[in-house]
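# Reading the structure
Okay, here's what each chain looks like letter by letter:
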Amino acid sequence: MSAAEGEKPVITVVYWPIRFRGNFLLYVLEEAKAKYKVITNFPEIKARTQKNSNGYPVFAVPILEIGSFRCSQMPACVLHLANLFKLTPSGGKENESRGLMMLLNCNDILSEITMNGGKYKMWTPEEFITFTETRLAKWMTILNDALMENPDNAKALEEKRPLYYFGKSVCYSDFGVLAVLDGLVDEFGMGDYIKQWKNLYTFYTQMSSRPSVVKLWGFQKKTKNYKWCGGQIQESIEKAVEVMQKTKVKGGTD
């Protein structure tokens, strides 16, 4: 997936060789059928975050580079791409603000799931189960309920049409929620947990079948699957999920 030299600047995404926050950018690029390249080489990632790197100063990945433009922070990168490829929420300024809120919600959810990247402690099974019953359940309820704030979705459910957060077409907010759900369902095996939110799970299965998503996953899931945040935090979650699957964990319903 590389951009050829030519009329348009090369789009480059710099990120670790995992899905996680990088996929928020890649979903938008794939949906837009954009040409891009991804840098996952550890020494090159380190070089691009150094103080003397060319371009606007950044702290960490993901980094988005388009010609002389350079930025980091996942929400900023996604918003830039969404504006570039017209994948922003429909419905006016209020939905633009809500769309950004949904993306920031997703970023917060990832931070909570990973204990802020595993910087302070790992999950114990007991603590993770409590988290799924409380804060994570509240987040999933918000994602589920926000879907039905779209006035088109009640009819879309009846007609078995795709659900979207805003209007009748996909936007970056939809892909942000997909990125979170893919981590929970595919990487952590929490599909039964997410099924407690019926509409949200329907949304997940619909988004999973989009051609752009199928294409990206077809590549990613054939390659080596590195674990989140150095591996330790993901391993602690996986152990907790094993215990959770033996226990009926309450979440939410529609």
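Residues numbered from 1 in each chain as written. Predicted model: local features only at pLDDT ≥ 70, side-chain atom pairs only at ≥ 80, totals over all residues. Heavy atoms only, no water.

### As for the overall build of the chain
For the chain, the helix and strand inventory stands at 13 helices and four strands. The proportion of buried residues among the 254 residues of the chain is 50%. In the form shown here, the chain has an accessible surface area of approximately 13,300 Å², with 54% of it arising from carbon and sulfur atoms. (Helix = DSSP H or I, 4+ residues; strand = E, 2+ residues; numbered from the N terminus. Buried < 20%, exposed > 50% of the residue type's maximum accessible area, 1.4 Å probe, protein only. Areas by Shrake-Rupley, 256 points an atom, 1.4 Å probe, with all protein chains shown as cover.)

### Re the environment of alanine 34
Assignment of secondary structure puts alanine 34 in the loop between α1 (22-31) and β2 (36-39). Sequence-wise, alanine 34 and valine 10 are 24 residues apart; in three dimensions their C-alpha atoms are separated by 9.9 Å. What alanine 34 contacts, discounting residues up to four positions off in sequence, is Ile11, Leu29 and Phe85. (Contact = heavy atoms within 4.5 Å.)

### Description of the pattern of salt bridges
Any two side chains of opposite charge can pair, so long as their charged atoms come close to each other. According to the stated counting rule, one finds 15 salt bridges in the structure shown. Aspartate 186 serves as the salt-bridge partner of arginine 19, at 3.0 Å between the closest nitrogen and oxygen. Separated by 167 residues along the polypeptide, arginine 19 in the loop between β1 (11-14) and α1 and aspartate 186 in helix α9 (residues 172-187) bring together distant segments of the chain. When its relative accessible area of 37% is taken as the criterion, aspartate 186 is described as partly exposed. For aspartate 192, the salt bridge is made with lysine 195, and the minimal N-O distance between the two is 3.8 Å. When its relative accessible area of 63% is taken as the criterion, aspartate 192 is described as exposed. (Salt bridge = Lys/Arg side-chain N within 4 Å of Asp/Glu carboxyl O.)

### Quick notes on the nonpolar core
Of all hydrophobic cores here, the largest spans 78 residues; its most connected members are Phe24, Met140 and Tyr165. For this core, the leading source of residues is α9, giving nine residues. With residues up to four places along the chain from it excluded, the contact list for tyrosine 165 reads Met102, Leu143, Ala146, Leu147, Asn150, Asp174, Val177, Leu200 and Phe203. (Core = buried A, V, L, I, M, F, W, Y, C linked by side-chain atoms within 4.5 Å.)

### Here's the deal with helix α11 (residues 198-208)
Because an α-helix completes one turn every 3.6 residues, residues spaced three or four positions apart along the sequence face the same direction. Turning to α11, its buried residues number three or more, namely Asn199, Leu200, Phe203, Tyr204, Met207 and Ser208. On its buried face, α11 is in contact with α7 (135-147), α8 (153-159), α9 and α12 (211-220).

### What to know about the side chain of asparagine 105
Among the secondary structure elements, asparagine 105 is positioned in helix α4 (residues 93-113). Residue class for asparagine 105 comes out buried when judged on its relative accessible area of 11%. Sequence-distant contacts of asparagine 105, that is, excluding residues within four places in its chain, are made with Trp139 and Ile142.

### A word on helix α6 (residues 125-133)
For α6, the set of buried residues is Phe128, Ile129, Phe131 and Thr132. Within α6, the buried residues cover an arc of 155 degrees as seen down the axis, which keeps them to one side. (Arc of directions from axis to C-beta.)

### Here we look at the pairing of β2
By the bridge criterion, four bridges tie β1 to β2 in an arrangement that is parallel. Among the inter-strand pairings, isoleucine 11 is bridged to a residue of β2, identified as tyrosine 36. Once the chain exits β1 it traverses α1 before rejoining the sheet at β2, and the crossover so formed is right-handed. (Pairing = 2+ DSSP bridges. Right-handed = clockwise from strand over helix to strand, strands pointing away.)

### Details of the sheet that holds strand β4 (residues 69-72)
Across the sheet, four strands lie side by side as β2-β1-β3-β4; this open sheet has mixed pairing. What marks the edges here is a single partner per strand, and that holds for β2 and β4. The sheet shows a mean angle of 15 degrees between the axes of neighbouring strands, taken without regard to direction. Bridge analysis of strand β3 (residues 63-66) against β4 gives four bridges, and the strand direction is antiparallel. Of the residues in β4, the one forming a bridge with isoleucine 66 is phenylalanine 69. (Axes fitted to C-alpha atoms, helices over the stretch in contact; angles between N-to-C directions.)

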